[in-house]
Amino acid sequence: MFRIGFGNDIHRLIAGQPLIIGGVPIESELGADGHSDADVLLHALTDALLGALALGDIGTHFPNNDDRWHNAESSVFLRYALGLIKSRGYVVANVDSTVSLEKTKLRLYVDAMRENISNVLELEITQVSVKAKTSEKLDAVGEGLAVRAEAIVLLSQA
Ligand SMILES: [Zn+2]
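Quick look at the structure, then. (Residues numbered from 1 in each chain as written. Predicted model: local features only at pLDDT ≥ 70, side-chain atom pairs only at ≥ 80, totals over all residues. Heavy atoms only, no water.)

## Here we look at the overall build of the protein chain
Heads up, the rule is: Secondary structure follows DSSP: runs of H or I at least 4 residues long count as helices, runs of E at least 2 residues long count as strands, and numbering of each begins at the N terminus. Only C-alpha atoms enter the radius of gyration, while the globule expectation follows 2.2 Å times N to the 0.38, with N the number of residues.
For the protein chain, the count of helices and strands is 5 helices and 7 strands. Helices (α) and strands (β) of the protein chain occur, in sequence order from the N terminus, as β-β-β-β-α-α-α-β-α-β-α-β. Taking 2.2 N^0.38 as the reference for a compact globule, 158 residues should give roughly 15 Å; the C-alpha atoms of the protein chain span a radius of gyration of 15 Å, in line with that estimate. Seen through its principal axes, the protein chain has C-alpha atoms that stretch 45 × 35 × 25 Å.

## Comments concerning the coordination of the zinc ion
Geometry reference: four tetrahedral donors at a metal, ideal angle 109.5 degrees. Six octahedral donors, ideal angles 90 or 180 degrees. As a reminder of what qualifies: Keep in mind that water is not among the atoms, so a site may look incomplete; donors are the N, O and S atoms within 2.8 Å of the metal, or 3.2 Å for Na, K and Ca. Think of it in three bands: with a 1.4 Å probe and only protein chains considered, a residue is buried below 20% of the maximum accessible area for its type, exposed above 50%, and partly exposed in between.
Asp-9 (OD), His-11 (NE2) and His-43 (ND1) make up the full set of protein donors to the zinc ion, lying at 2.0 to 2.1 Å. You can call Asp-9 buried: its relative accessible area is 18%.

## Overview of the layout of surface pockets
Empty space among the atoms becomes visible once a probe the size of a water molecule is rolled across them. Going by this rule: In this analysis, the protein atoms alone were mapped onto a 1 Å grid. Cavities are point sets where a 1.4 Å probe fits without being able to get out; pockets are open sets with protein on both sides within 12 Å along at least five of seven lines; lining residues have an atom within 4 Å of a point. Grid points are joined across faces, edges and corners, and a volume is the space filled by probe spheres set on the points. We call Asp, Glu, Lys and Arg charged. Ala, Val, Leu, Ile, Met, Phe, Trp, Tyr, Cys and Pro are nonpolar, and the rest, Gly among them, are polar.
As a volume, the largest pocket reaches approximately 250 Å³. In terms of lining residues, the largest pocket is bounded by Asp-9, His-11, Gly-34, His-35, Ser-36, His-43, Ile-58, Gly-59, Phe-62, Asn-64, Trp-69 and Phe-77. When residues of the lining of the largest pocket are traced back to their parent elements, those giving at least two are strand 1 (2–15) and helix 2 (58–61). Taken together, the residues of the lining of the largest pocket sort by class into 4 nonpolar, 7 polar and 1 charged.

## Points about the pattern of salt bridges
Put simply, the test is: A pairing counts as a salt bridge when a side-chain nitrogen of Lys or Arg comes within 4 Å of a carboxyl oxygen of Asp or Glu.
A full pass over the atoms with the stated rule returns 5 salt bridges. The closest approach of N and O atoms between Arg-68 and Asp-66, which form a salt bridge, is 2.8 Å. Accessibility expressed as a relative area gives 60% for Arg-68, which makes it exposed. Judged by relative accessible area, Asp-66 falls into the buried class, the value being 19%. Residues Arg-148 and Asp-139 are paired through a salt bridge, measuring 3.2 Å at the closest nitrogen-oxygen approach. You can call Arg-148 partly exposed: its relative accessible area is 21%. The exposure class assigned to Asp-139 is partly exposed, which follows from its relative accessible area of 36%.

## Overview of the packing of aromatic side chains
Definition in use: Under the pairing criterion, centres of Phe, Tyr and Trp rings, with the six-membered ring standing for Trp, must be within 6.5 Å; the plane angle then separates stacked pairs below 30 degrees from edge-to-face pairs above 60, leaving the rest tilted.
In total, this model carries 2 aromatic pairs according to the counting rule given. Both rings, one in Phe-62 and one in Phe-77, keep their centres 4.4 Å apart while their planes meet at 40°; by these two values the pair is tilted. With a gap of 15 residues between them, Phe-62 in the loop between helix 2 and helix 3 (75–87) and Phe-77 in helix 3 connect regions that are remote in the sequence. Relative accessible area serves as the criterion here: at 9%, Phe-62 is assigned to the buried category. The exposure class assigned to Phe-77 is buried, which follows from its relative accessible area of 3%. An angle of 75° between the planes, with centres 5.0 Å apart, marks the rings of Phe-62 and Tyr-80 as edge-to-face. Note that Phe-62 is positioned in the loop between helix 2 and helix 3 and Tyr-80 in helix 3, a separation of 18 residues in sequence.

## Describing the nonpolar core
Formally: Only buried residues count toward a nonpolar core. Its members are Ala, Val, Leu, Ile, Met, Phe, Trp, Tyr and Cys residues joined through side-chain atoms within 4.5 Å.
Counting 44 residues, the largest nonpolar core has Ile-21, Leu-41, Leu-106 and Met-113 as its most contacted members. No other element matches the 9 residues that helix 1 (residues 40–52) contributes to this core. By size, the runner-up hydrophobic cluster in this structure holds 5 residues, among which are Ile-58, Trp-69, Ala-72 and Phe-77.

## Points about the sheet that holds strand 5 (residues 90–100)
Using the following cut-off: Strands qualify as paired when DSSP identifies two bridges or more between them. As a rule, the C-alpha atoms of each element are fitted with a line to give its axis, helices using only the stretch in contact, and angles between N-to-C directions run from 0 to 180 degrees. What makes two residues a contact is simply this: any of their non-hydrogen atoms within 4.5 Å.
In space, the 5 strands of this open sheet follow the order 4-1-7-5-6, with mixed pairing throughout. Single-partner strands in this sheet number two, and they are strand 4 (30–32) and strand 6 (128–133). Across the sheet, the axes of successive neighbouring strands diverge by a mean angle of 20°, strand direction being ignored. Inspection of the sheet shows strand 5 paired to strand 7 (residues 146–157) by 10 bridges, in the antiparallel sense. Within strand 7, the position partnered with Val-95 by the bridge is Val-153. Against the sheet, helix 1 makes contact with strand 1, strand 5, strand 6 and strand 7, and its axis sits at roughly 155° relative to strand 1, the strand it touches most.

Encoded structure:
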């Protein structure tokens, strides 16, 4: 009847790259390094959706040595995972997530991220939670070297 899935992701922050989180461009000196658009939140969400039905992970479906996914918009991955879930007779009940970034305050961007994710997952915005925090100057995120996201999703049988 119900399935639960969890995903997390981390990307190194480097100069000369855009920072896109939850499909929203973030004003930041540093951007996320990665093969696709390096959207840490959409990657964690994709893993959560795949994990809920034990369908592997984002790397098995979208290998990062495949040129098709170079600079790809990560909404493509999330939409694909949603398609797999729907094809197995499930819908997303709700999503919760946390993004950790030290220097740039994400609070102003959170509602735009929720809106974007709810559009991709065909949900109401009230079914999508995005929380933003820092790492209190601890660990790689706290030192400003990385951005991290964690996501959890509940699926119910359609
Ligand atoms: Zn990633």
